[in-house]
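Per-entry structural report
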Amino acid sequence: MLNWLQFLGRGGLDFFERLGRGHMFIVRVSAGLPGLFLQPRLVIQQLFSVGVLSLQIIAISGLTVGMVLGLQMYNTLVDFGAEDSLGPVVALSLVRELGPVLAALLFAGRAGSALTAEIGLMKATEQLSGMEMMAVDPIKRVVAPRFLAGAISLPLLAAIFSAIGILGSYFVGIGLLGVDSGAFWSQMQAKVDVQEDILNGVLKSIAFGVVATWIAVFEGYDAVPTTEGVSRATTRTVVHTAFAVLGLDFVLTALMFGGE
Amino acid sequence: MANQRLTEIAVGVFIAIGLAALVMLAMKVSNISALTERDGYEITAKFENIGGLKVRAPVSMAGVHIGRVIGVTFEQETFTAVVKMRIRAEYDKLPLDTSAGIYTSGVLGESYVGLEAGAEEENLIDGGEITLTQSAMILEQLVGQFLLDKAADE
């Protein structure tokens, strides 16, 4: 019984210790952000590896999700003679939910895991301590540019995801299923609000971008500096990001769209 | 050095595509054109019952969209619903005795306010009120009425 309680207590303490370290870490990273304006090269380099290289998977997933959504929604809507509502249904679900959430999950798999592995390996091969020895702060030099690049990339990627998804459902709906193109766009424009839907979707993806990149760089920086530790940290990044994004999505949805 | 240049170009393209997607979402997908309706003028109308009319429902005349509902409130003194509408600035020649009704597009479609022109020489101005109104038709009431009539016939 006591052993069990001790186990529970240790688990709780570990959890809160990690949480605390994570917050201390984000404060130190934030302190390193202003210095980046003097070295935009560092951020551009990271924007390339975090953002540009994620474009492919985001574009292809967005296209397929949009096409499938168009196809499935059409099957249901046509029963009610409401196939003109295909536009607003697809646009609202993509802009409000699927765009930000799926982009964040794909981002965690494509870019977040790579960030963790990169920083974790730098730690394992003692490059980070080497930098400290040369009086270069690894948080300012290594972590902060990656964090900023991730937080900038995800909102853009989510917007690309939504836009390509809507185009995909447009191709399926108009080209394949014979929905009227004018009704598709005009119904969409009548139902989707700039502030209510688009802006809230962008705010969501900004929040996800900060959280997903925060988890990725923290797991890398906090990894046990062994081969196994880095591989564990990489797995944790993907799993924890998925939890955090989905949980946060529920809270944000309830706050943004719940109180109508 | 050439490598660095390529990277920077790729990042530039990425950011441009991202911003273009945002602009497309804002312009093509959403109702940003409705924001330009802000420079129109406001009129109100009192209805006995507005049925399922919601804020942002369209206001149309002869089937053409000319404005939007911007507010629905309940007036306790008269027990009526006060519907505030904003009409686009270019449609400023609505006669003073214009009448308003609440209709639904299709059987189960969304509610909208339909305006019908009167014959008065003077026009509605900002803050004006439409006095001739027709309430929404409530489906349940119609069905109830129909059943009552049917029972009375037998």
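Above this text is the structure in question.
From a predicted model like this one, the values you see are computed outputs, not experimental measurements.

**Section: the pattern of salt bridges**
The tally for this structure, following the rule as stated, stands at 15 salt bridges over all chains. A salt bridge links A:Arg146 to A:Glu118, with the nearest nitrogen and oxygen atoms 2.9 Å apart. Here A:Arg146, found in helix 6 (residues 138–176), pairs with A:Glu118, found in helix 4 (residues 86–124); they are 28 residues apart in sequence, far enough to count as distant. In this structure A:Glu118 comes out as partly exposed when scored by relative accessible area, which is 35%. The shortest N-O distance in the salt bridge between B:Lys46 and B:Glu75 comes to 3.5 Å. Here B:Lys46, found in strand 1 (residues 41–47), pairs with B:Glu75, found in strand 3 (residues 64–75); they are 29 residues apart in sequence, far enough to count as distant. Judged by relative accessible area, which is 27%, B:Lys46 ranks as partly exposed. Among the residues examined, B:Glu75 registers a relative accessible area of 23% and is labelled partly exposed.

**Here's the deal with the environment of B:Lys46**
Residues and elements named next belong to chain B. As a C-alpha pair, Lys46 and Ala100 span 54 residues in sequence and 9.3 Å in three-dimensional space. When residues no more than four places from it in sequence are discounted, the contact partners of Lys46 are Glu75, Thr80, Ala81, Val82, Glu129, Ile130 and Thr133. Within the structure, Lys46 has its side chain in polar contact with the side chain of Glu75 (distance 3.5 Å).

**Observations regarding the side chain of A:Arg146**
The buried category is assigned to A:Arg146, whose relative accessible area is 6%. Beyond its immediate stretch of four places on either side in the chain, A:Arg146 contacts A:Gln46, A:Leu115, A:Glu118, A:Ile119, A:Met122, A:Thr213 and A:Val217.

**As for the packing of helix 4 of chain A against helix 8 (residues 194–222) of chain A**
All names here are of chain A. It is at 8 Å that the axes of helix 4 and helix 8 come closest, and there the two elements cross at 15 degrees. Between helix 4 and helix 8, the interaxial angle falls into the category roughly parallel. Crossing geometry of helix 4 relative to helix 8 is assigned as right-handed. Residue composition of the contact of helix 4 with helix 8, by class: 14 nonpolar, seven polar and seven charged.

What counts and how
- Residues numbered from 1 in each chain as written.
- Chains lettered and ligands numbered in written order.
- Predicted model: local features only at pLDDT ≥ 70, side-chain atom pairs only at ≥ 80, totals over all residues.
- Heavy atoms only, no water.
- Salt bridge = Lys/Arg side-chain N within 4 Å of Asp/Glu carboxyl O.
- Helix = DSSP H or I, 4+ residues; strand = E, 2+ residues; numbered from the N terminus.
- Buried < 20%, exposed > 50% of the residue type's maximum accessible area, 1.4 Å probe, protein only.
- Contact = heavy atoms within 4.5 Å.
- Polar contact = N/O pair within 3.5 Å; in protein donor to acceptor, adjacent residues only side chain to side chain.
- Axes fitted to C-alpha atoms, helices over the stretch in contact; angles between N-to-C directions.
- Parallel < 35°, antiparallel > 145°, perpendicular 65-115°, else oblique.
- Left-handed = near helix turned anticlockwise from the far one by under 90°.
- Nonpolar A, V, L, I, M, F, W, Y, C, P; charged D, E, K, R; others polar.

Honestly, that's just the spatial picture; any functional story needs more than this.
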